[in-house]
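These are the residues of each chain, in order.
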Amino acid sequence: MKRRSLTVKLAALVLGISTLILGAVLVYNLLFSQAVIIRLAEDNSRSLGREVANHLAAQIKPIELAVKNIALALEDSALNSREITSLARRIVEGNEDVFGMTVAFEPFGISSDKLFFAPYSYRTDSGVKTTSLGGTGYRYFYMDWYQLAKELGCPVWTEPYFEESGASELMTTYSVPFYRLEDGQRRFIGVVTADISLKWLQHEVSSIKLYDTGYALITTHNGTFISHPVEELVLNQTVFSLAEGMGDQELWEIGRNMIEGKTGFLRRASVRDNKESFLLYMPLPIGGWSLAFLFPVDEVFADVRELSRNMLLIGGLGFLVLTGAVIWISRKITKPVRDLSDVALQIAQGNLDAKLPDIRTRDEVGDLAIAFGEMQSSIKEFIVDLTETTAQKERIESELRIGRDIQMGILPKIFPAFTEYAEFDIYASVEPAKEVGGDLYDFFLVDENHFCFLIGDVSGKGVPAAFFMAVTKTLLKVVAERGVSPGAILEKVNNDLAEDNESCMFVTLFVAVLDIRTGEVNYASAGHNPPVLLENSGVKYLKPLNEPLAGAMTGMTYTTSSLTLKPGDTLFLYTDGVTEAMNKADELYTDERLIVFMKGLYENDAKSMIEAVNQSVLDFSGGADQSDDITMLTLKYLGMGK
Amino acid sequence: MKKAIFLFVVCLLLVPSVPAEARKASLILQWLPQAQFAGFYMALEKGFYKDHGVEMQIIPGGPDKVVSDYLDARKADFGTMFLSTAVERRGAGMSLVNIGQIVQNSALMLIARANDGVESVSDLNHKKVSMWANEFQIQPRIMFQKAGIDVEIVPLASSMDLFLRGAVTATTAMYFNEYHTILSSGLREDEIKTFFFRDTPFNFPEDGIYCLEETLKQRPMVALAVLNATLAGWRYAFAHEEETLDVVAKYMAEASLPVNRVHQRWMLTRMHEIIIPDGDIFAAGVLKRRAFARVVRVLLQQEILRTEVDYSTFYRGPAE
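Here the structure is a predicted model, which is why all the values come from computation and not from measurement. (Residues numbered from 1 in each chain as written. Chains lettered and ligands numbered in written order. Predicted model: local features only at pLDDT ≥ 70, side-chain atom pairs only at ≥ 80, totals over all residues. Heavy atoms only, no water.)

This part covers the overall build of chain B. Scanning chain B from terminus to terminus reveals 14 helices and 10 strands. Burial status across chain B gives 57% buried among its 320 residues. Once local pairs closer than 6 in sequence are excluded, the contacts in chain B between residues at least 24 apart make up 79%. For chain B, the exposed area adds up to about 13500 Å²; of that, 52% sits on carbon and sulfur atoms. (Helix = DSSP H or I, 4+ residues; strand = E, 2+ residues; numbered from the N terminus. Buried < 20%, exposed > 50% of the residue type's maximum accessible area, 1.4 Å probe, protein only. Contact = heavy atoms within 4.5 Å. Areas by Shrake-Rupley, 256 points an atom, 1.4 Å probe, with all protein chains shown as cover.)

A few words now on the overall build of chain A. Summing up its helical and strand segments, chain A has 14 helices and 22 strands in all. The burial tally for chain A puts 46% of its 642 residues in the buried class. Carbon together with sulfur atoms contributes 56% to the accessible area of chain A, which is approximately 32500 Å² in total.

Moving on, we get to the pairing of strand 8 (residues 170–174) of chain B. All names here are of chain B. Counted residue by residue, strand 8 has five buried out of five residues, so it is predominantly covered. Sheet topology note: the strand 5 (residues 108–113)/strand 8 ladder contains five bridges and is antiparallel. By the bridge assignment for strand 8, Leu110 is matched with Thr172. Across two bridges, the pairing between strand 6 (residues 128–131) and strand 8 is parallel. (Pairing = 2+ DSSP bridges.)

All names here are of chain B. Mapped onto the secondary structure, His263 falls in helix 12 (residues 261–275). Judged by relative accessible area, His263 falls into the buried class, the value being 10%. The sequence separation of His263 and Ser184 amounts to 79 residues, and the corresponding C-alpha distance is 8.3 Å. Once you skip the residues sitting within four places of it in the chain, His263 turns out to touch Asn177, His180 and Thr181.

Turning next to the pattern of salt bridges. Within this structure, the stated rule accounts for 41 salt bridges over all chains. Its salt-bridge partner being Arg256(A), residue Glu260(A) comes within 2.7 Å of it at the nearest N-O pair. Judged by relative accessible area, Glu260(A) falls into the partly exposed class, the value being 41%. One salt bridge in this structure joins Arg404(A) and Asp629(A), with 3.2 Å as the shortest N-O distance. Taken together, the residues Arg404(A) in helix 9 (residues 364–409) and Asp629(A) in the loop between helix 14 (606–621) and strand 22 (630–637) connect sequence positions 225 residues apart. Each member of the pair, Arg404(A) as well as Asp629(A), carries the same accessibility label: buried. Connected through shared salt-bridge partners, Glu253(A), Arg256(A), Glu260(A), Lys262(A), Arg188(B) and Glu191(B) make up one network. (Salt bridge = Lys/Arg side-chain N within 4 Å of Asp/Glu carboxyl O.)

Right, let's talk about the confidence of the model for chain B for a bit. All names here are of chain B. Put simply, chain B has an average pLDDT of 90, and 93% of its residues get 70 or more. The low-confidence segment residues 1–6 (pLDDT under 50) makes two contacts with residues lying over four places distant or belonging to another chain. This complex was scored by the predictor with a pTM of 0.68 and an ipTM of 0.86. (pLDDT = per-residue confidence, 0-100.)

Chain B puts 25 residues into the contact, and the matching count from chain A is 24 residues. Each partner contributes to the roughly 2200 Å² buried at the junction of chain B and chain A, and carbon and sulfur atoms together form 49% of this total. For the chain B face of the interface with chain A, the top three residues by lost area are Arg165(B), Arg188(B) and Val262(B), together amounting to 26%. Across the chain B-chain A interface, the total number found is four salt bridges. A salt bridge links Glu151(A) to Lys128(B); its shortest N-O distance comes to 2.6 Å. When contributions to the side of chain B that touches chain A are tallied by element, the ones reaching two or more residues are strand 7 (152–155), helix 7 (161–164) and helix 8 (178–183) of chain B. (Buried area = accessible area lost by both parts, 1.4 Å probe.)

What follows covers the packing of helix 2 (residues 38–45) of chain B against helix 11 (residues 241–254) of chain B. All names here are of chain B. Close contact between helix 2 and helix 11 brings their axes to 10 Å; oriented N to C, the two are set at 95°. Considering the angle they form, helix 2 stands roughly perpendicular to helix 11. Of the residues in helix 11, those touching helix 2 at Ala38, Tyr41, Met42, Leu44 and Glu45 are Glu243, Thr244, Val247, Val248, Lys250 and Tyr251. Considering only residue class, the contact of helix 2 with helix 11 consists of seven nonpolar, one polar and three charged. (Axes fitted to C-alpha atoms, helices over the stretch in contact; angles between N-to-C directions. Parallel < 35°, antiparallel > 145°, perpendicular 65-115°, else oblique. Nonpolar A, V, L, I, M, F, W, Y, C, P; charged D, E, K, R; others polar.)

The final tally for this structure, using the stated rule, is 48 aromatic pairs over all chains. Among the aromatic residues, ring-to-ring pairing joins Phe415(A), Phe418(A), Tyr421(A), Phe424(A), Tyr427(A), Tyr441(A), Phe443(A), Phe451(A) and Phe453(A) into one connected group. Taking NZ or CZ as reference, Lys75(B) lies 4.4 Å from the ring centre of Tyr70(B), over its face. (Phe/Tyr/Trp six-rings, centres within 6.5 Å; stacked < 30°, edge-to-face > 60°. Lys NZ or Arg CZ within 6 Å of the ring centre and 35° of its normal.)

What follows is about the nonpolar core. Judged by nonpolar contacts, the single largest core of 136 residues is most densely connected at Phe40(B), Phe78(B), Val87(B) and Trp234(B). For this core, the element with the most residues is helix 10 (residues 220–239) of chain B, which contributes 12 residues. One finds Leu440(A), Leu475(A), Phe510(A) and Tyr637(A) within the second-largest nonpolar core, a separate group that totals 54 residues. (Core = buried A, V, L, I, M, F, W, Y, C linked by side-chain atoms within 4.5 Å.)

Residue and element names in this part refer to chain B. With mixed pairing, the five strands of this open sheet are ordered in space as 2-1-3-10-4. The sheet is open, and its two borders are formed by strand 2 (54–59) and strand 4 (96–101), each paired with just one other strand. The sheet shows a mean angle of 30° between the axes of neighbouring strands, direction not considered. Two elements, strand 1 (residues 23–28) and strand 3 (residues 78–81), share two bridges in a ladder whose sense is parallel. The residue bridging Ile28 from the neighbouring strand is Gly79, located in strand 3. Of the strands in this sheet, strand 1, strand 2, strand 3 and strand 10 (208–212) are in contact with helix 2, which crosses strand 2 at around 140°.

This next bit is on the sheet that holds strand 7 of chain B. Residue and element names in this part refer to chain B. Strand order in the open sheet formed by five strands is 7-6-8-5-9, and the pairing between neighbours is mixed. Bordering the open sheet on either side are strand 7 and strand 9 (192–196), each of which pairs with just one other strand. Across the sheet, the axes of successive neighbouring strands diverge by a mean angle of 30°, strand direction being ignored. Bridge analysis of strand 6 against strand 7 gives four bridges, and the strand direction is parallel. Bridged to Ser130 within strand 7 is Val154. Along the sheet, helix 6 (residues 135–147) makes contact with strand 5, strand 6, strand 7, strand 8 and strand 9, crossing strand 5 at roughly 60°.

All names here are of chain A. Restricting attention to buried positions, one finds in helix 13 (residues 591–598) the residues Leu594, Ile595 and Met598. Relative to the axis of helix 13, the buried residues are bounded by an arc of 95° and lie together on one face. Turned more than 90 degrees from where helix 13 packs its buried face, Glu592 and Val596 sit exposed. Turning to helix 13, the residues buried within the fold contact strand 18 (532–535), strand 19 (538–541), strand 21 (570–574), helix 12 (576–579) and helix 14. (Arc of directions from axis to C-beta.)

Relative to the elements of secondary structure, Arg90(B) occurs in helix 5 (residues 83–91). Take Arg90(B): its relative accessible area is 18%, and that puts it in the buried class.

Here we take up the packing of helix 10 (residues 462–480) of chain A against helix 11 (residues 486–498) of chain A. Two quantities define a packed helix pair, namely the angle between the helix axes and the distance between the axes. All names here are of chain A. Following both chains from N to C, one finds helix 10 and helix 11 inclined at 140°, their axes separated by 10 Å at the closest point. In terms of their interaxial angle, helix 10 and helix 11 are classed as oblique. The hand of the helix 10/helix 11 crossing is right-handed. Taking contact as the criterion, the partners of Phe468, Val471, Thr472, Leu475, Leu476, Val479 and Ala480 in helix 10 are, on helix 11, Ile489, Lys492, Val493, Asp496 and Leu497. Residue composition of the contact of helix 10 with helix 11, by class: nine nonpolar, one polar and two charged. (Left-handed = near helix turned anticlockwise from the far one by under 90°.)

Shown next, in the form of structure tokens:
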């Protein structure tokens, strides 16, 4: 894993978390304030719209009332044509918001000889003028302003139109039908109209400024634009034809809502400059007319954006300061740790006297420094102790080595031995294990015709085993030289060893005495591994006698068995160091392997036989640690003939 | 297509060699400038009249201009009229001749409000129906007669507001014009019920080019040139929609009319359908004997026409 300093980790953690928090705060702030701003924008545009609507209402309501009053007055048939004409004229003269006024009668409505009767008073630069409408070129009763009121039977505002005769202003007409009772029936007589200019409305709407580039527009009952910043839309297009041209179904639906007098607030691209905008539409007090505002989203959010940008800036600066602070504090914290780690490295390299940094802070690092100091002095003390202990151990080991040498020295080591006797060939070897063991062997002449040879293995290891072995060997020699049978030798030696054997040690022994003249061998065994007899006819273990170990208990009896070696026959004695030698897989050499191996060794002399077995055991163990002494003794009987 | 080109070339060859001085002619349209007359304006704009040796002056029509009066008073050499109008005038003794039939099918229709429960013509019984005057009433009136219903006719000028505001249940309309106006005023197609006269036995050919018999006699080549140039204008208009809409818009603006390109595009497309119905380019300019006979029969039945009008004296355009 890549090494990262504490400073980096700490800084990454603290700064990472603070970035997350800062980000969350910024996003929340942005979203929340956007929502608030949208609500405010909607409220603002709504109240602006209401203002326009109220203004329009204030303008048209008195006119509507005046026209209705005249219509009411006309229901009285007492008025003659002159009075009717001057009535309308007076209204125009007295109301500067009224551009013109007509009282139009049905064909032959005023009298049976007059197809047309529609006096029209209107405003000109040089005062109010009156004219008569109607003629073959202008059948006024087919005009919308007449027919709508007549057919709908209620007051109506007509679709706006351009008044060509006057100042080419956008006009709309308010028409109120009037009726008279004739023959008990309410009969339609004509309409009273007032024309008003919409110039002020257009001006007012076009001068509305929402944010930087927001704009307002008005549509009529048919969805026709009568005020829109895109001049070519005005009176040319309806919302619906615009939607069709743009392939914009949403716009079509908006138009439908507008002419149905609904209110809506939504977000969409503006028609004027295709800018993502908020759109608010609301009805105007003239039937089916709708006022709409569009204002670009980015302008609405300009303040929020600035706020967010500044917050981001402050956050960023804070972040930098925080970064500095975190790096400073973490360096401050880790400095003593780093110093300590430097000293620890020196100590590890052996400089136990390295000077500890002077840390006096009363915190975890201070504690660490104190603990470190204690550790340093403990290590020093320990090293002193260790030096002493090691010296002692070395002395003991040296003494043990000397003891070992002495122990080994008591075993006969000079070969070839008894070369003056051609009747037999003797060879023995001990391969001591690292630890002091208790294997022993010996051979000597009991008298001139009897040769004693033996092998044994003391239980346990170490100095006690070595001593026990030395005692056993000495006892054996002393007893054997009395010329008693091997069984008696073992009985005597057992009793001697068992007396005062408080450490409960014991020894396995095999003792044999060869009659040099006959080849007869008397032997006894105290729990020792059965020796191998190599005869011309084959190789076999001597039959085990199953008699107890020596030294454990007094009063044991041991049988003396006998066999006769023919010339060339060999007895091979060994300790369990041979058969229990282990390889690296913890497998034993085993009796079976030994007997099989020895089958080919009949012809060997004593020495080469031992060397061969030794090699076999070495090969088997394959360099595994030797845990026990490997002791072997070979007696080859050669007979008298030689 | 090859055949069409061949025919076109033959037509060009039939035009006599153009004299050095252009021959002046004037033509009055039956209504204000709009895509209904795109072929005439394009022929003028692209110089097709000039190419055919005619120095053409187009007089836009309007509510106060009656084409037959203009022809009668020699204020215009040529004029466009509904076939039914022209047949009626001929029957009344005016020496009108058709030198080419432009519109083959009737674009006249009735539009009713679906939510007024109008499913068929008979549902209009005792309902208010706004209708234009004169020739526009011939087909509806027969339809009402055949359906045995009595409708209250409200005279209709040029706006659709009576219908849009629900003052009438149904209205006459031209498919290429008012139908789209109504849709452009916020009504969905499924909110209106339509009755097309082209789908009835009263499918009258509409706009044709007319002149007085004496004009044709004196200036037969000019009459032929006017027809061929006009047809060329129409072919050009259908092939160059955007350019044509620009030109139409220009003439509309000159006449101080509201210009709505979407609406004019609709109109131009519909004109294509009725001038070259079913893609039959051989029909262009031709007054079919059967269609003529149909109109005459109906007018006689309606007693609008009191004497039979003969096809071959009335129609002097390209042979069927």
